[in-house]
Amino acid sequence: MFTYETTDRKEARRFRMAQFNGRPATIRSAGATVTGRVRAIVESNAGATAAWVVTIVPDEPKTAARAARRAPRLRFATEDDV
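All of the points below concern the structure found in this document. (Residues numbered from 1 in each chain as written. Predicted model: local features only at pLDDT ≥ 70, side-chain atom pairs only at ≥ 80, totals over all residues. Heavy atoms only, no water.)

1. Remarks on the pairing of strand β3 (residues 32–44)
Just so we agree on the cut-off: At least two bridges found by DSSP between two strands are what make those strands a pair. Put simply, DSSP marks the helices as runs of H or I at least four residues long and the strands as runs of E at least two long, and each gets a number from the N terminus on.
Pairing between strand β2 (residues 24–29) and β3: six bridges, direction antiparallel. In the sheet register, Thr26 faces β3, and the bridge partner there is Thr35. With antiparallel pairing between neighbouring strands as the criterion, β2 and β3 make up a hairpin whose turn holds two residues, including Ala30 at a positive phi of roughly 55°.

The following block contains the structure:
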């Protein structure tokens, strides 16, 4: 899981909408990019400004998902020479 803190209201709203609609969200922070499903958004009132803590469960890389797929089984009907 990946935890990210933001003070931007628009960004927090975007993550809430992604969580509600079941869509993946992407976070770009300090040169790292994480894409995954939003698990939780919690408002933190510890400081003078409002902040939100977003928890994201990263998606598997597409290359790993493709490698895990098995090859399709093809069976062709052949005619008998009887």
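2. A short note on the side chain of Thr6
Keep this limit in mind: The buried label goes to any residue with under 20% of its type's maximum accessible area, the exposed label to any with over 50%, and the partly exposed label to all in between, with areas taken from a 1.4 Å probe on protein chains only. For this analysis, a polar contact is any N or O atom pair within 3.5 Å, provided that within protein one partner can donate a hydrogen and the other can accept it, and provided that sequence-adjacent residues contribute only side-chain to side-chain pairs. In this description, contact between two residues means that some pair of their heavy atoms is separated by no more than 4.5 Å.
Along the chain, Thr6 falls in strand β1 (residues 2–6). For Thr6, a relative accessible area of 5% translates into the label buried. A polar contact of 2.7 Å, which involves the side chain of Thr6, links it to the side chain of Glu11. Once residues lying within four places of it in the same chain are set aside, the contact partners of Thr6 are Glu11, Ala51 and Trp52.

3. Comments concerning the packing of aromatic side chains
We describe a pair of aromatic rings using the distance from one ring centre to the other and the angle between the two ring planes. Applicable threshold: When two rings of Phe, Tyr or Trp (its six-membered ring) have centres within 6.5 Å they constitute a pair, described as stacked for plane angles under 30 degrees, edge-to-face for angles over 60, and tilted for the intermediate range. By the criterion adopted, a ring carries a charge over it if an Arg CZ or a Lys NZ lies within 6 Å of its centre and within 35 degrees of its normal.
Applying the stated criterion across every chain, the model contains one aromatic pair. An angle of 75° between the planes, with centres 6.3 Å apart, marks the rings of Tyr4 and Phe15 as edge-to-face. On the criterion of sequence distance, the pair formed by Tyr4 in strand β1 and Phe15 in helix α1 (residues 9–21) is long-range, its members being 11 residues apart. In this structure, Arg14 packs its charged tip against the face of Phe15, placed 4.6 Å from the ring centre.

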